[in-house]
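Chain by chain, the residues:
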Amino acid sequence: MNSKNKDFLDILVEISEIMNMITDIDSLLKRIVELAKEYLQVQRVSVMLKEGDCLKIVAGAGLNFDYKDFKVKIGDGASGKVAQTGEPLIINEINEPNKDFGYQAKSYMCIPLKVKEKVIGVLNITDKIDDYFDENDIKIGKYLSSQCALAIERYNLYEEEKRNEKLALIGKFTSAIAHDIKNLLNIVQGYLELMEIEIEDNPDIKEYTDSIITELKLIHGLTLDILDFSKRNILLKKEKVLLSELLNLITKHANIMLRFTEINFEIYYNSDIELFIDKEKIFRVFMNLLSNSIEALNEKGLIKLTVEVDDKLAVFEFFDNGPGIKKENIDKIFDPFFTAGKIKGTGLGLAVAKEIIQAHGGEIGADSVEGEYTKFIIKLPI
Ligand SMILES: Nc1ncnc2c1ncn2[C@@H]1O[C@H](COP(=O)(O)OP(=O)(O)OP(=O)(O)O)[C@@H](O)[C@H]1O
Ligand SMILES: [Mg+2]
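Residues numbered from 1 in each chain as written. Chains lettered and ligands numbered in written order. Predicted model: local features only at pLDDT ≥ 70, side-chain atom pairs only at ≥ 80, totals over all residues. Heavy atoms only, no water.

Caption draft 1: Expanded view of the overall build of the protein chain. Each helix and strand in the protein chain was counted, giving eight helices and 13 strands. Here the C-alpha atoms of the protein chain give a radius of gyration of 27 Å, more than 25% beyond the 21 Å that 2.2 N^0.38 yields for 382 residues. Taken along its principal axes, the extent of the C-alpha atoms in the protein chain is 95 × 45 × 35 Å. Within the protein chain, the proportion of its 382 residues that are buried is 41%. When contacts within the protein chain are restricted to residue pairs at least 6 apart in sequence, those whose partners lie at least 24 apart make up 64%. Averaging the coordinates of the 49 positive side-chain charges in the protein chain and doing the same for the 64 negative ones gives two points 3 Å apart. (Helix = DSSP H or I, 4+ residues; strand = E, 2+ residues; numbered from the N terminus. Rg over C-alpha atoms; globule rule 2.2 N^0.38 Å. Buried < 20%, exposed > 50% of the residue type's maximum accessible area, 1.4 Å probe, protein only. Contact = heavy atoms within 4.5 Å. Lys, Arg positive; Asp, Glu negative; His and termini not counted. Charge placed at Lys NZ, Arg CZ, Asp CG, Glu CD.)

Below you can see the structure in the form of structure tokens.
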């Protein structure tokens, strides 16, 4: 057995040992990249994972820079291209910087991390010390990348299971409570409707009852959010709704919610179309966004909803010029029970909004600059 074969077996054994020993994903990936660096005798190794349209380094060995905020756009550079095509890239003996990849290493291996054919990231192995990659090195590289992918998938499944268990438990309690509240609200609404008949010719009081009904609708929406969320599979009652009809409904409630504030609410759209949506639920999404913006603005500012329609998508941009979202929080705001900077936040508003939009086959994302603005972008298929 030559020394290379021995290396290969050693690394197989060692990786399977740490895979079974270390359960914390960060330490596990760290160990894998360290092992790769040591066994392959290279300068640098990193694991990058896809996040939106970027790759982010999540573990590194031999990297001589702070990679915490380092990002590469998918499609850019060598690793970005590998993430895009899903094909490994192996380069030996580069004398000239490679123009295609903008890369200047002597020897470089970038191997996609795949889970069931889906690329979730890449493994970069750079600059073999005094040497170039041979067949065995490439085998080890591929093996390591498959193990990284496996570790990440296992971790995600485990986290998902933990999350589901927690949600199921919370769901049991909350759905019982939400259910009762919903029934009580129905009774209150019934009485209000009776009142409205009695006071038909008193516009002042009619304005108050309208306001009460709006607030009730919000509480009702909240209980439905909780019920939906604890069931975890949202059932849609889709119907044909004109965009203008949806926007009118939003404006009506926004005006009531904003009447004692100095917040301006503006709506812009380029053309009216027919949407096929669950009107109640999409309305709730916007009410959740609106509540967040109102809470963020603190009585003063601008909220703007812009809708652009093309032949496939309706794109909604929900903007406010409030304090924005902290950089470290932006990835977490759609997580259930994530709340920040509020006394009474439950952290369900955006999680539910995401579930509803995804149930419609759409997407929701956020963009924010601290101290300047927050923008939520919703894409709904038409
Ligand atoms: N327009 C916004 N401006 C600033 N921060 C926002 C905005 N929208 C959301 N956030 C941040 O995202 C967090 C999560 O929002 P989400 O609506 O999911 O929960 P919440 O508002 O805290 O509670 P809930 O909506 O369940 O009452 C908020 O706590 C807040 O920190
Ligand atoms: Mg909220």
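Caption draft 2: Up close: the site of ligand 1. Inspection of the region around ligand 1 gives 19 residues, with Asp320, Thr339, Ala340, Lys342 and Leu348 positioned closest. Between ligand 1 and glycine 347, the relevant distance is 2.9 Å, taken from an oxygen atom to a main-chain nitrogen or oxygen of the residue. When contributions to the shell around ligand 1 are tallied by element, the ones reaching two or more residues are helix H7 (279–297), helix H8 (349–359) and strand E13 (373–381). If you tally residues by element for the shell around ligand 1, the top one is H7, at three residues. Its residues assigned to classes, the shell around ligand 1 shows eight nonpolar, nine polar and two charged. (Near = heavy atom within 4 Å. Polar contact = N/O pair within 3.5 Å; in protein donor to acceptor, adjacent residues only side chain to side chain. Nonpolar A, V, L, I, M, F, W, Y, C, P; charged D, E, K, R; others polar.)

Caption draft 3: Region of interest: the pairing of strand E11 (residues 313–320). Pairing of strand E10 (residues 300–309) with E11 involves seven bridges; the strand directions are antiparallel. Paired with valine 309 across the bridge in E11 is alanine 314. Hairpin remark: E10 followed by E11, antiparallel, with three residues in the connecting loop. In terms of strand pairing, E11 meets E13 through eight bridges, oriented antiparallel. Of the residues in E13, the one forming a bridge with phenylalanine 319 is lysine 375. (Pairing = 2+ DSSP bridges.)

Caption draft 4: Local environment of the pattern of salt bridges. Following the criterion strictly, the structure yields 16 salt bridges and no others. Of the charged contacts in the structure, one is a salt bridge between lysine 30 and glutamate 34, with a shortest N-O distance of 3.6 Å. Residue lysine 30 and its partner glutamate 34 are located together in helix H2 (residues 25–40), separated by four residues, close to a single helical turn. Residue lysine 30 is classed as partly exposed on the basis of its relative accessible area of 34%. Glutamate 196 serves as the salt-bridge partner of lysine 206, at 3.7 Å between the closest nitrogen and oxygen. With lysine 206 in helix H5 (residues 203–231) and glutamate 196 in helix H4 (residues 135–198), the pair connects residues that are 10 residues apart, well separated along the chain. Lysine 206 sits in the partly exposed class, given a relative accessible area of 32%. Via salt bridges that share partners, Glu14, Lys30, Arg31 and Glu34 belong to a single interconnected network. (Salt bridge = Lys/Arg side-chain N within 4 Å of Asp/Glu carboxyl O.)

Caption draft 5: Expanded view of the environment of lysine 142. By secondary structure assignment, the location of lysine 142 is in helix H4. For the pair lysine 142 and proline 112, spaced 30 residues apart in the sequence, the C-alpha separation amounts to 8.6 Å. Every residue in contact with lysine 142, bar those within four places of it in the chain, is listed here: Pro88 and Ile111.

Caption draft 6: Focus on the sheet that holds E10. Spatial ordering of the open sheet is given by E8-E10-E11-E13-E12, a layout of five strands whose pairing is mixed. Bordering the open sheet on either side are strand E8 (262–269) and strand E12 (363–369), each of which pairs with just one other strand. On average, each strand axis in the sheet is inclined to that of its neighbour by 15 degrees, with strand direction left out of account. Sheet strands in contact with helix H6 (residues 243–258) are E8, E10 and E11, and its direction is about 175 degrees off that of E8. (Axes fitted to C-alpha atoms, helices over the stretch in contact; angles between N-to-C directions.)

Caption draft 7: Looking closely at the domain arrangement of the protein chain. By domain assignment, the protein chain separates into domain 1 (3–160) and domain 2 (199–381). For domain 1 versus domain 2, the separation of C-alpha centres amounts to 41 Å. (Domains from an automatic or database assignment.)

Caption draft 8: Molecular detail of H7. If you check H7, its first and last C-alpha atoms are 27 Å apart, about what 19 residues at 1.5 Å a residue would give, namely 27 Å. For H7, the capping residue at the N-terminal end is aspartate 278, with a side-chain oxygen 3.4 Å from the backbone nitrogen of glutamate 280. In the segment just after H7, asparagine 298 is the residue with positive phi, at about 60 degrees. (Expected span 1.5 Å × (residues − 1).)

Caption draft 9: Molecular detail of the nonpolar core. Residues Phe286 and Phe316 are the most contacted members of the largest nonpolar core, which totals 43 residues. No other element matches the nine residues that H7 contributes to this core. In this structure, phenylalanine 316 is in contact with Leu243, Leu246, Leu275, Phe286, Leu305, Thr306, Val307, Phe376, Ile377, Ile378 and Leu380, ignoring residues within four places of it in sequence. Formed by 37 residues, the second largest nonpolar core is a distinct cluster that contains Leu40, Leu113, Val115 and Leu123. (Core = buried A, V, L, I, M, F, W, Y, C linked by side-chain atoms within 4.5 Å.)

Caption draft 10: A look at the sheet that holds strand E5 (residues 108–115). If you trace the six strands from one edge of the open sheet to the other, you get E3-E2-E1-E6-E5-E4, paired in antiparallel fashion. Strands with a single pairing partner mark the edges of an open sheet, and in this sheet they are strand E3 (71–73) and strand E4 (89–91). Taking the axes of each pair of neighbouring strands and ignoring which way they run, one obtains an average angle of 25 degrees across the sheet. In the packing of helix H3 (residues 77–85) onto the sheet, contacts are made with strand E1 (42–51), strand E2 (54–61), E3, E4, E5 and strand E6 (118–128), and the angle to E5 comes to roughly 30 degrees.

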